[in-house]
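Architecture and fold: a report
Listed below, chain by chain, are the residues.
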Amino acid sequence: MIRALFRTLLLLFLSIPNVIASQTLEAETTALAYASPHLNNQLESRYHLYFSRRSDPLADPLAQLQYGLSLDLWGLIPQDISDWVDVREAFAGLNFKNLNLQIGRILPDWAKQDIDSPLQKMFPKFTIDPLTHITDGIVGIYSHYQHSLLNIEFLYSPLFLPNRGGVRFEKGPDQRLGSISRWLPPLFNEVKVGDGVIPLDYALHLPAVKDILLRESGFIRFSLQTKAIQLTLVGADFFDPTPTLSYDAKLHIRDESLLQAMVHLYPEFSREQMLGFQSKTIWKNIELFNDGAYFNRESIFKNRTGIRIRTDHRFLSEWVAAALFSKHLKDTTNAPSPIPDRPEETLFSKISLNLWSASQFSFSYETDFSMKQKILRGSLSLGPFAQMQFGIGFDILSGEDHTYWGLFRGNDRIWLKGSYVF
């Protein structure tokens, strides 16, 4: 069914009348070698097909029809993720003098950021692993009104689509729930009761599709933008696309003779209210940015502030540095999880160098404020031809025990990549 839907959407957008448009079809393959074996396997291969077709209103300002489609097809060996097809955007719309209307899956331009922003929390993600994820759009009706320096955006969504991809769960020959993914945080296999130890098994109870799908949300965004400064205010009422797992606190004895217990897990999606802001100041090739958001359910304020320096010099392309921090405004009632969460407070820096024509070297470093866990990433891309790219890189994870990246410090990897744009 999914394959038929994909073919139908692809043929539909290819058959749209020849409005001035840009189109991309890119095939990519990646081979990864990990420092530590997982299930006796240190190698992984990925296959990625990306298709994008979008009308270009700047090339033809009088054209009223707008449309866009952005699709990703993934294949992994071993198959670590739960899904293989992702639709980032799929919309059609009308463009008037000061008003733009769209319907479908919408991803506004301001949400397409290369480093995480607190405001991106309302948008679902398609995840390959913790270091590789794609921000997706929201399904609904979108309107954008522009008058002089003022922009007003509104998006109403009658449907809710949560995060997709991620760790793939399956039952083994012993009918125990588990995963072949090397990125799964550890599940507890046993619990100590008195002087004895009881083995644990897990049952995942998925809610009905209609109970997840039929949920309304929306946001409104006001912005004032000039060449030198941009100020924005955002309000949203939405469901967090990242599920939380609640569980039955009672142990259910599954087999008295073997004294095995069952833990029942229930995915839940929480409604949130968010009030946020964005600011950006541009002076020549220097950009100062700041994003902040208060989330009502969690009673937490998240902020990202940083600097981006671009240059016209051939050698240095870009340097960006940012800090992401959070502050709980009141005590939360949730008990701390025994499994560490991804750090909310981080320092990030990335530099990109243009070594010579059609090539680039980039290096990034990320750490939490306490310097207990770190990520080092580097890559070198070479373009022997205009449509062909080759790349090599590494990802190094480190962290103390009982930290998020410390769980995966055996997943250091090097990779080789090749892509071709048709």
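First things first, this report covers the structure right here in the doc.

Thoughts on the nonpolar core
- In terms of nonpolar packing, the biggest core is built from 19 residues, with Met-122, Phe-123, Phe-219 and Met-274 touching the most fellow members.
- Elements with a contribution of two residues or more to this core: β8 (138-147), β16 (229-239) and β21 (286-295).
- Contact partners of Met-122, with chain neighbours within four places excluded, come to Ile-138, Phe-219, Val-234, Ala-236, Phe-238, Pro-241 and Met-274.
- Counting residues in each nonpolar core, the second largest holds 10 residues, with Trp-183, Ile-375, Phe-408 and Trp-415 among its members.

A short note on the sheet that holds strand β10 (residues 164-165)
- The three strands are arranged β7-β6-β10 in an open sheet whose pairing can be described as mixed. Looking at which strands have only one partner, the edges of the open sheet turn out to be β7 (132-135) and β10.
- With two bridges connecting them, strand β6 (residues 125-129) and β10 associate as parallel partners. Paired with Thr-127 across the two strands is Gly-165, which belongs to β10.

Focus on the packing of aromatic side chains
- For the coordinates displayed, the defined rule picks out 11 aromatic pairs.
- Centre to centre, the rings of Tyr-34 and Trp-183 are 6.5 Å apart; their planes meet at 70 degrees, and the pair counts as edge-to-face. With Tyr-34 in strand β1 (residues 21-38) and Trp-183 in the loop between β12 (177-179) and β13 (190-193), the pair connects residues that are 149 residues apart, well separated along the chain.
- A residue is classified by how much of its surface remains accessible, and Tyr-34, at 4% relative accessible area, is buried.
- For the ring pair Phe-160 and Phe-239, a centre distance of 5.8 Å and an interplane angle of 50 degrees mean the geometry is tilted. Placement of the pair is Phe-160 in the loop between β9 (150-157) and β10 and Phe-239 in strand β16, with a sequence separation of 79 residues. Each member of the pair, Phe-160 as well as Phe-239, carries the same accessibility label: buried.
- A connected cluster of aromatic rings, assembled from ring pairs, spans Tyr-34, Trp-183, Tyr-404, Trp-405 and Phe-408.
- Looking at Lys-121, its charged tip hangs above the ring of Phe-295, at a distance of 4.6 Å from the centre.
- Sitting above the plane of the Phe-239 ring, Arg-215 keeps its charged end 4.8 Å from the centroid.

Overview of the pairing of strand β26 (residues 373-385)
- The pairing of strand β25 (residues 359-368) with β26 spans nine bridges and is antiparallel. Paired with Ser-362 across the two strands is Ser-379, which belongs to β26.
- Counting the residues that bridge the hairpin from β25 to β26 gives four residues, and of these Met-371 lies at a positive phi of roughly 60 degrees.
- Pairing of β26 with strand β27 (residues 388-399), which is carried by 11 bridges, proceeds in the antiparallel orientation. Bridge pairing in β27 links Ile-375 to Leu-397.

Points about the side chain of Ser-299
- When you line up the elements, Ser-299 lands in the loop between β21 and β22 (300-310).
- For Ser-299, the residues in contact, after removing those within four places along its chain, are Tyr-294, Lys-327, His-328, Leu-329 and Lys-330.

About the thresholds
Residues numbered from 1 in each chain as written. Predicted model: local features only at pLDDT ≥ 70, side-chain atom pairs only at ≥ 80, totals over all residues. Heavy atoms only, no water. Core = buried A, V, L, I, M, F, W, Y, C linked by side-chain atoms within 4.5 Å. Buried < 20%, exposed > 50% of the residue type's maximum accessible area, 1.4 Å probe, protein only. Helix = DSSP H or I, 4+ residues; strand = E, 2+ residues; numbered from the N terminus. Contact = heavy atoms within 4.5 Å. Pairing = 2+ DSSP bridges. Phe/Tyr/Trp six-rings, centres within 6.5 Å; stacked < 30°, edge-to-face > 60°. Lys NZ or Arg CZ within 6 Å of the ring centre and 35° of its normal.

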